[in-house]
Amino acid sequence: MSDWEGACKRCGLCCFEKSVDLQGRCVTTRIPCRHLDIISRECRVYHKRLDVGEGCIKLTPGIVAEADWLPDGCAYRKTLGRWTRDEERG
Ligand code: SF4
Ligand code: SF4
């Protein structure tokens, strides 16, 4: 597992349906993906999640930087600044 992948806290917050509020902002609903184990917060189909039709994407620093749909509590969002600085330093 790379350091980047290890930064994900497996909280499952990104696996809840999203909605758009009246101000046009993306908000996370309380409705989980059908593949999310709501107790463990683990994806039941993790290794084939990109193929099951739920619109999952592989998160990279570049995608996280643009992904306003990721919840505020997402560990990637919290650590993105550090990763971006490391990339810029090479
Ligand atoms: S299929 Fe995708 S959205 Fe659904 S639980 Fe797995 S990783 Fe989350
Ligand atoms: S919200 Fe972020 S930290 Fe939590 S499971 Fe999703 S990608 Fe990982």
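Rules of the game
- Residues numbered from 1 in each chain as written.
- Chains lettered and ligands numbered in written order.
- Predicted model: local features only at pLDDT ≥ 70, side-chain atom pairs only at ≥ 80, totals over all residues.
- Heavy atoms only, no water.
- Near = heavy atom within 4 Å.
- Nonpolar A, V, L, I, M, F, W, Y, C, P; charged D, E, K, R; others polar.
- Helix = DSSP H or I, 4+ residues; strand = E, 2+ residues; numbered from the N terminus.
- Buried < 20%, exposed > 50% of the residue type's maximum accessible area, 1.4 Å probe, protein only.
- Contact = heavy atoms within 4.5 Å.
- Core = buried A, V, L, I, M, F, W, Y, C linked by side-chain atoms within 4.5 Å.

### Looking at the site of ligand 1
Working step 1: What surrounds ligand 1 is the set Cys 15, Cys 33, His 35, Leu 36, Cys 43, Val 45, Arg 49 and Cys 56.
Working step 2: Of the residues assigned to the shell around ligand 1, the class counts are 6 nonpolar, 1 polar and 1 charged.

### Describing the site of ligand 2
Working step 1: Around ligand 2, the surrounding shell consists of Cys 8, Lys 9, Arg 10, Cys 11, Gly 12, Leu 13, Cys 14, Leu 59, Cys 74, Ala 75 and Tyr 76.
Working step 2: Residues belonging to the shell around ligand 2 are distributed by class as follows: 8 nonpolar, 1 polar and 2 charged.

### Thoughts on the environment of Asp 51
Working step 1: Inspection of the secondary structure assignment puts Asp 51 in the loop between β2 (26-32) and α2 (61-66).
Working step 2: What makes Asp 51 exposed here is its relative accessible area of 67%.
Working step 3: Spatially, the C-alpha atoms of Asp 51 and Cys 74 are 23 Å apart, while their sequence positions differ by 23 residues.

### Brief notes about the side chain of Arg 49
Working step 1: Within the secondary structure, Arg 49 is located in the loop between β2 and α2.
Working step 2: When sequence neighbours within four positions are dropped, the list of residues in contact with Arg 49 reads Cys 43 and Cys 56.

### Concerning the nonpolar core
Working step 1: Among the nonpolar cores identified, the biggest contains 9 residues, and these are Trp 4, Ala 7, Leu 59, Val 64, Ala 67, Leu 70, Cys 74, Tyr 76 and Leu 80.
Working step 2: Those elements that place two or more of their residues in this core are α1 (3-7) and α3 (75-89).

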